[in-house]
Amino acid sequence: MKRTVYCEWLDSPVGDLVAIADDKALLALQFRERTTPETDDAAIRRQMNADAVLPGNALTRTVGKELETYFAGRAFEFSVPLAPAGSEFERKVWAELLKVPLGETCSYGDIARNVGGMETVRAVGKANGANPIGIIVPCHRCIGADGSLVGYGGGLWRKKWLLRHEGKMRPVGLFAL
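Let me begin by describing the structure that accompanies this report.

## So, the packing of helix H3 (residues 88–97) against helix H5 (residues 121–129)
- For the pair H3 and H5, the least separation of the axes is 9 Å and the interaxial angle reads 80°. With respect to each other, H3 and H5 are oriented roughly perpendicular. Across from Phe 89, Glu 90, Val 93, Trp 94 and Leu 97 in H3, the residues of H5 making contact are Ala 123, Val 124, Ala 127 and Asn 128.
- Of the residues that constitute the contact of H3 with H5, the class distribution is 7 nonpolar, 1 polar and 1 charged.

## Details of the pairing of strand E2 (residues 17–21)
- Among the 5 residues in E2, 5 count as buried, and that is most of the element.
- What you see with E2 is no split at all: Leu 17, Ala 19 and Ala 21 on one side and Val 18 and Ile 20 on the other are buried throughout.
- As paired elements, strand E1 (residues 3–10) and E2 share 5 bridges and run antiparallel to each other. Residue Glu 8 lies in a different strand from E2, and its bridge partner there is Ala 19.
- Examined bridge by bridge, E2 and strand E3 (residues 26–31) share 5 bridges and lie antiparallel to one another. By the bridge assignment for E3, Ile 20 is matched with Ala 28.
- With antiparallel pairing between neighbouring strands as the criterion, E2 and E3 make up a hairpin whose turn holds 4 residues.

## Quick word on the packing of H3 against helix H4 (residues 108–115)
- Interhelical geometry of H3 versus H4 gives an angle of 120° and a closest axis separation of 10 Å. Here H3 lies oblique to H4, going by the angle between them. Crossing of H3 over H4 shows right-handed handedness. Across the interface between the two elements, Phe 89, Lys 92, Val 93, Glu 96 and Leu 97 of H3 pack against Ile 111, Asn 114 and Val 115 of H4.
- For the contact of H3 with H4, the residue count by class is 5 nonpolar, 1 polar and 2 charged.

## Quick word on the pattern of salt bridges
- If you walk through the whole model with that rule in mind, you get 8 salt bridges.
- Arg 158 is the partner of Glu 33 in a salt bridge, and the nearest nitrogen-oxygen pair spans 3.9 Å. Highlighted residues: Glu 33 in the loop between E3 and helix H1 (37–48) and Arg 158 in helix H6 (residues 156–169), separated in sequence by 125 residues.
- The buried category is assigned to Arg 158, whose relative accessible area is 10%.

Parameters at a glance
Residues numbered from 1 in each chain as written. Predicted model: local features only at pLDDT ≥ 70, side-chain atom pairs only at ≥ 80, totals over all residues. Heavy atoms only, no water. Axes fitted to C-alpha atoms, helices over the stretch in contact; angles between N-to-C directions. Helix = DSSP H or I, 4+ residues; strand = E, 2+ residues; numbered from the N terminus. Parallel < 35°, antiparallel > 145°, perpendicular 65-115°, else oblique. Contact = heavy atoms within 4.5 Å. Nonpolar A, V, L, I, M, F, W, Y, C, P; charged D, E, K, R; others polar. Buried < 20%, exposed > 50% of the residue type's maximum accessible area, 1.4 Å probe, protein only. Pairing = 2+ DSSP bridges. Left-handed = near helix turned anticlockwise from the far one by under 90°. Salt bridge = Lys/Arg side-chain N within 4 Å of Asp/Glu carboxyl O.

Below, the structure is given as structure tokens:
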């Protein structure tokens, strides 16, 4: 059975974002270049297996307001319920990412030790890359064991920007300024 999703486009210092929710939770927050409304809606319908894409709802508006305060450096907590679609393993990885405090980082190995052992490091990297809720599920805080900025679906420049921004908001760790 298909569903209806609500979509809100958000401007940010790191480019266009789209927040996608249903009636209960945020399903996705993605970096996406806008094209035409028809093309955007068709892509979102396919991605979310939805039969309708409607303008934003209360959840997407809340995400927009919370991101506004996050980008202004005034707040860094998000209150909307999250429902990212993924495997059980991916959801475990994303739950671990939610534990990484603002202004701090972890390695893929750190996450792997908590979700299944060091033999899952590659799978952790793949799950990190599959995270549908960028920024809020802070996959940008996951870095290489040597401190290098490795992999980020939104582009390494965005990862660097987000880590530096968070370093200004809570100056601890590698990216404190």
